[in-house]
Amino acid sequence: MSAYARARGRKPRMTYDEIVGQALDLIDKQGLEALSMRRLGKQLGVDPMSIYHHIPNKSELLDAVIDSVMAQVDITVDDPSAPWEERVRRLATAYRDALAAHPNLIPAIAAGRARMFGGLAPAETLLSIFDAAGLPRSRWLIAMNAFSAWILGATTMELTTGRGAARVIVDWAVSVSHDDYPHVATAVATHHAEEPDAYFRYGVMTLIAGLAAIASGDEPNGK
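Note that this is a predicted model, so its numbers are computed, not measured.

Cut-offs applied
- Residues numbered from 1 in each chain as written.
- Predicted model: local features only at pLDDT ≥ 70, side-chain atom pairs only at ≥ 80, totals over all residues.
- Heavy atoms only, no water.
- Helix = DSSP H or I, 4+ residues; strand = E, 2+ residues; numbered from the N terminus.
- Buried < 20%, exposed > 50% of the residue type's maximum accessible area, 1.4 Å probe, protein only.
- Contact = heavy atoms within 4.5 Å.
- Salt bridge = Lys/Arg side-chain N within 4 Å of Asp/Glu carboxyl O.
- Phe/Tyr/Trp six-rings, centres within 6.5 Å; stacked < 30°, edge-to-face > 60°.
- Lys NZ or Arg CZ within 6 Å of the ring centre and 35° of its normal.
- Polar contact = N/O pair within 3.5 Å; in protein donor to acceptor, adjacent residues only side chain to side chain.
- 1 Å grid on protein atoms, 1.4 Å probe; cavity = no way out; pocket = protein on both sides within 12 Å on 5 of 7 lines; lining within 4 Å.
- Points joined across faces, edges and corners; volume = space filled by probe spheres on them.
- Nonpolar A, V, L, I, M, F, W, Y, C, P; charged D, E, K, R; others polar.
- Core = buried A, V, L, I, M, F, W, Y, C linked by side-chain atoms within 4.5 Å.
- Axes fitted to C-alpha atoms, helices over the stretch in contact; angles between N-to-C directions.
- Parallel < 35°, antiparallel > 145°, perpendicular 65-115°, else oblique.
- Left-handed = near helix turned anticlockwise from the far one by under 90°.

Caption draft 1: Geometry of the overall build of the protein chain. Across its full length, the protein chain holds twelve helices and zero strands. Each helix and strand of the protein chain, ordered N terminal to C terminal, gives the series α-α-α-α-α-α-α-α-α-α-α-α. Burial statistics for the protein chain: of 223 residues in total, 39% are counted as buried. Residue pairs at least 24 apart in sequence account for 67% of intrachain contacts in the protein chain once pairs closer than 6 positions are excluded.

Rendered as structure tokens:
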């Protein structure tokens, strides 16, 4: 029995899920940079080397943590009897909620470590919605990537700045010369401040409108 285990009065036994869960807890409480095998071993009450029997390295551990968060996307919000547009809105909100629950993990997810969209179950749900909408199968993965990118981007901006993306742009461009950049200046001058929720909804509505256009064949090469 290791010194870590003796100090905590427990056997040095653990499961894969326990390791991943404790790693996420460490990130939630102390930040992404706090994740290390040494700190995780201390939190688990085991010799850090024993973690490698379950997960070969820190990189795969981080991937597993992200997978666990993506699996938290609540697909039960989907109602197959509802209009597909409403189904998209509900799933988008569920994805956003899963990300927002673990803001310290956002940088790793934004860096491209997340595998597709929330694991296989949420991906299957989203693709079933695209199917119901009549979206061409050749566009399913492109649409899923666009959907995921918007939600991740909007949520990242909100969590890292405390403001919606449009508010950040307004603050940055407020002194822009109308003569030099007339369209930027006009957009800033006519902008109505809204809460991040409103920006998020508008972005999702824009995605839905694009999906509807492709499904109806309005887009070139849509089929």
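Caption draft 2: Expanded view of the pattern of salt bridges. In this structure the tally under the stated criterion is five salt bridges. With a shortest N-O distance of 3.3 Å, Asp25 and Lys29 are connected by a salt bridge. Here the residue Asp25 and the residue Lys29 both occupy positions in helix 2 (residues 16–30), the gap between them amounting to four residues, near one helical turn. Overall, the relative accessible area of 25% leaves Asp25 in the partly exposed class. We classify Lys29 as exposed; its relative accessible area is 64%. The closest approach of N and O atoms between Arg87 and Asp78, which form a salt bridge, is 2.7 Å. The residues Arg87 and Asp78 share a single accessibility class, namely buried.

Caption draft 3: Spotlight on the packing of aromatic side chains. According to the stated counting rule, one finds zero aromatic pairs in the structure shown. Stacked on the ring of Phe200, the Lys or Arg Arg96 has its end atom at 4.5 Å from the ring centre.

Caption draft 4: Fine view of the side chain of Thr155. With respect to the helices and strands, Thr155 occurs in helix 9 (residues 140–161). Thr155 gets classed as buried once you look at its relative accessible area, which sits at 1%. Here the side chain of Thr155 touches Ile151 through a polar contact of 2.7 Å, landing on its backbone oxygen. Here Thr155 is in contact with Arg96, Leu99 and Ala100, once residues within four sequence places are set aside.

Caption draft 5: Broad picture of the layout of surface pockets. Roughly 170 Å³ of internal volume is contained in the second largest pocket. Lining the second largest pocket are Leu135, Arg139, Ile142, Ala143, Ala146, Phe147, Thr206, Leu207, Gly210, Leu211 and Ile214. Its residues assigned to classes, the lining of the second largest pocket comprises eight nonpolar, two polar and one charged.

Caption draft 6: Region of the structure containing the environment of Ala64. Here Ala64 lies in helix 5 (residues 58–70). For the pair Ala64 and Ala23, spaced 41 residues apart in sequence, the C-alpha to C-alpha distance is 9.4 Å. Look past the residues within four positions of Ala64 in its chain and what remains in contact with it is Tyr16 and Val20.

Caption draft 7: Examining the nonpolar core more closely. Counting residues in each nonpolar core, the largest one holds 53 residues, and the members touching the most others are Ile19, Ile51, Leu61, Val65, Leu99, Leu105 and Phe130. Broken down by secondary-structure element, the contributors of at least two residues to this core are helix 2, helix 3 (37–44), helix 5, helix 6 (84–100), helix 7 (106–113), helix 8 (120–133), helix 9 and helix 12 (196–215). Here the element with the most residues in this core is helix 6; it accounts for eight residues. What Leu105 contacts, discounting residues up to four positions off in sequence, is Leu24, Ile27, Leu32, Leu62, Val65, Ile66 and Val69.

Caption draft 8: Inspection of the packing of helix 6 against helix 8 at higher detail. Look at helix 6 against helix 8: their axes get within 9 Å of each other, and the N-to-C directions meet at 160°. Considering the angle they form, helix 6 stands roughly antiparallel to helix 8. Note on packing geometry: the crossing formed by helix 6 with helix 8 is left-handed. Here helix 6 contributes Trp84, Arg87, Val88 and Leu91 to the contact with helix 8, which in turn contributes Pro122, Thr125, Leu126, Ser128, Ile129, Ala132 and Ala133. Residue classes in the contact of helix 6 with helix 8 are distributed as eight nonpolar, two polar and one charged.

Functional significance is not addressed by these values, which are geometric in nature.
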